[in-house]
Structure formats: C-alpha cells, structure tokens
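# Inside the fold
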Amino acid sequence: MTFDRFPGRFALSGRLEAVTALHIGVGGWGPPTGSDLPLIRDALGRPFIPGSTLKGALRAAVERWVRTVRPSRQRACAITGGADARCLTPTRLEQLRREAAGDEARLAQAVVAESCWVCQVFGAPWLASRVACADLPVIVETWSGGVMVREGVALDRDTETAGGGVRYDLEVIPAGTAFHCQIEAATDVPWQLGLLALALRELEAGRLALGAGRSRGLGRVLLHVERRTLVRRDADSLLRYLAAPVEGGEPVDDAQVASWVASALDALRADALPVEVG
Ligand SMILES: [Zn+2]
C-alpha cells in the first residue's frame, strides 16, 4: 500500500556513536566451527550499520512499551510471532478485501483501522512503514580503520545475544566510532511522531543497543541529534518546502517533540487514538 497524497515528512539527522564495542554481523551464521564472525561492511570495506538494524531496535522499544501499557495484539502485535499473533491475520485481511469489493480507498482505511499502533508507524507486510532509517555509514574521521576481535563470546545463535552454549570470536568496531544517522517519517500525525520520538529519546539517552552481545554490554549506542525538521501535509507547508528543498522543512524544537510525546501518551492512557483532523 502506498500513500496517495503527501503524508507529511519528519526528518532527523545526527551522529550515532558506539559507546561500547559494536558487532553487527553479515547476517546468517556460519558453521559453529568458524572462529570468526565478520562485521558487515560496505563495498569499500568500511563497517556500517544497516538502517533495518536501527529501525528494528526503535520498533522493539515501542512495541515493549505499548504492549506493557495495553497488552493486546490490536495495540502492539508480535512481529516475530506467527501470522495469528499479528494484529491483522491473513484471514481477516482477505475478509476486508472481499468486503471492500475493489474500493481501494475503503480497503486502505479498514486495513489501517485494524492494524496495531506499532504496525501503523513501523509498517507490516500489508502496510507501508512510516519510518525509514537509511543505512548508517561510518564517519571516517572517527574510525581508526581497524577492528578488534573479542574472543570467546558465548552467543545465542538465533538472537545474537549472549547466553548460548557456543563461543565465538567476534569482530567488533571499537567504542568511539560514529556513524551518520538519517531517519525519516512519512507523517505529521502527532501520536505517530510521539511514539517515534519516545524511541529516539532512548537512543539519545544511550539506552538502546544494537547488534550482537547486547546483554554483555556490547553495542550500546548514543544518538547526537544535529537537525530535526518537519514538513506538514498542508499545501502551504509543502510549497514552502518545495521552494527551498535544501532547508528540508521547518525546524522542530524540543517543545514540539514534547507535544508529540504527550499526544502518544494520551492515546496510550485513553486506549484510543485521537481523531485525525485534516
Ligand atoms: Zn501489528
């Protein structure tokens, strides 16, 4: 599903710094006999953080909070669960499709209304994600050019967290290395930006970790925000943005972010989304 008109656009740029050593692997695990788990690297051999890794961490944080306050798969479904653990099951989706009888707008509305709040913001197989994290290239001046090896880290093969029986030698990026970070959200809806802002706050406070060995203290990262901007979905805001695209929209201050957070928290408290205006 795509957005048929401009939905608004929040953009954030900054630096994501590794506070502790960081391992993000190439995905998939080699045979357990392999002693070395290499880092994911770009075409020039430089380490980077896939945008999907960062987005996954932001989503997981939001999912945990929403599920704790409102334990219902209509509020926060389990993305890793089976199809029946999702907010919209394949059966229900098929039913909605039949009921819409080819009316795409009606179908889209019904699908959004029955998707949980987390899927509405972070997407689902049936729903475009509002949030997009670009791959994070390393800031070359902060990187020594080398990697370190952590020997004998016991990891759970499925979750890349510590605790499994098998021990691996991990390639890690040294603490202090930083990455360019760009996050966009295709929305100007306050409660949606509020859920995202809550997760970004965790990142700014250094409370989120990425990659392998998180429970052993690896992968802690800290976001330094450099710029936040918003383009609203109304014609005037869009025209101002289009007239000066380099500016990237109107600057967003802390008070605005706080109002978005308040909107998300109000929705959680009331167990209902605010009625959307416009
Ligand atoms: Zn969901």
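Look above for the structure.
Residues numbered from 1 in each chain as written. Predicted model: local features only at pLDDT ≥ 70, side-chain atom pairs only at ≥ 80, totals over all residues. Heavy atoms only, no water.

What follows concerns the coordination of the zinc ion. Those donors, Cys77 (SG), Cys87 (SG), Cys116 (SG) and Cys119 (SG), are the protein atoms that reach the zinc ion, and they lie 2.3 Å from it. Between the four donor atoms coordinating the zinc ion, the angles at the centre fall across 106 to 114 degrees, so the site counts as tetrahedral. Summarised as a motif, the one-chain spacing of the donors to the zinc ion is C-x9-C-x28-C-x2-C. Of the two residues examined, Cys116 and Cys119, each falls in the buried class. (Donors = N, O, S within 2.8 Å, 3.2 Å for Na, K, Ca; no water. Tetrahedral: all angles 85-135°; square planar, octahedral: opposite > 155°, others 65-115°. Buried < 20%, exposed > 50% of the residue type's maximum accessible area, 1.4 Å probe, protein only.)

With that settled, consider the nonpolar core. Judged by nonpolar contacts, the single largest core of 66 residues is most densely connected at Phe10, Leu16, Leu54 and Leu58. A total of nine residues in this core trace back to one element, the largest contributor, which is helix H5 (residues 190-204). Apart from the residues lying within four places of it in its own chain, the contact partners of Leu16 are Ile49, Leu54, Leu136, Thr177, Ala178, Phe179, Cys181, Leu203, Leu210, Val221, Leu222 and Leu223. Residues Val153, Val172, Ala212 and Leu218 belong to the second largest nonpolar core, which totals eight residues. (Core = buried A, V, L, I, M, F, W, Y, C linked by side-chain atoms within 4.5 Å. Helix = DSSP H or I, 4+ residues; strand = E, 2+ residues; numbered from the N terminus. Contact = heavy atoms within 4.5 Å.)

Further remarks concern the pairing of strand S10 (residues 220-231). The pairing of strand S1 (residues 9-18) with S10 spans 10 bridges and is classified as antiparallel. Paired with Glu17 across the bridge in S10 is Leu222. As judged from the two bridges shared by strand S9 (residues 208-209) and S10, these two strands associate in the antiparallel manner. Bridging across to S10, Leu208 finds its partner in Val221. (Pairing = 2+ DSSP bridges.)

Let us look at the packing of helix H2 (residues 90-100) against helix H3 (residues 104-114). Where H2 contacts H3, the axes come no closer than 9 Å and their chain directions differ by 150 degrees. Classed by the angle they form, the pair H2 and H3 counts as roughly antiparallel. Pair H2 / H3 crosses with right-handed handedness. Residue-level contacts link Arg92, Leu93, Leu96, Arg97, Glu99 and Ala100 of H2 to Arg106, Leu107, Ala110, Val111 and Glu114 of H3. Taken together, the residues that form the contact of H2 with H3 break down as six nonpolar, no polar and five charged. (Axes fitted to C-alpha atoms, helices over the stretch in contact; angles between N-to-C directions. Parallel < 35°, antiparallel > 145°, perpendicular 65-115°, else oblique. Left-handed = near helix turned anticlockwise from the far one by under 90°. Nonpolar A, V, L, I, M, F, W, Y, C, P; charged D, E, K, R; others polar.)

This part is about the pattern of salt bridges. Inspection of the entire model under this criterion finds 15 salt bridges. The residue Arg41 makes a salt bridge to Glu171 at a minimum N-O spacing of 3.4 Å. With Arg41 in the loop between strand S2 (36-37) and strand S3 (48-49) and Glu171 in strand S7 (residues 162-172), the pair connects residues that are 130 residues apart, well separated along the chain. In this structure Arg41 comes out as partly exposed when scored by relative accessible area, which is 33%. When the shortest N-O distance is used, the salt bridge between Arg269 and Asp266 registers 3.1 Å. On the criterion of helical spacing, the pair formed by Arg269 and Asp266 is a turn pair, its members being three residues apart in helix H7 (residues 254-270). Here Asp266 falls in the partly exposed class, since its relative accessible area comes to 43%. In the salt-bridge network here, residues are joined through shared partners; they are Arg59, Glu63 and Arg67. (Salt bridge = Lys/Arg side-chain N within 4 Å of Asp/Glu carboxyl O.)

Right, let's talk about the packing of H5 against H7 for a bit. Following both chains from N to C, one finds H5 and H7 inclined at 105 degrees, their axes separated by 7 Å at the closest point. Taken together, the axes of H5 and H7 are roughly perpendicular relative to one another. Residue-level contacts link Pro190, Trp191, Leu193, Gly194, Leu195, Ala197, Leu198 and Arg201 of H5 to Val257, Ala258, Trp260, Val261, Ser263, Ala264 and Leu265 of H7. Of the residues that constitute the contact of H5 with H7, the class distribution is 12 nonpolar, two polar and one charged.

The next point concerns the side chain of Gln192. Among the secondary structure elements, Gln192 is positioned in helix H5. Judged by its relative accessible area of 6%, Gln192 falls in the buried class. Within the local environment of Gln192, its side chain forms a polar contact with the side chain of Thr187, the two groups lying 2.7 Å apart. Contacts of Gln192, omitting those with residues within four sequence positions, involve Gln120, Val121, Arg130 and Thr187. (Polar contact = N/O pair within 3.5 Å; in protein donor to acceptor, adjacent residues only side chain to side chain.)

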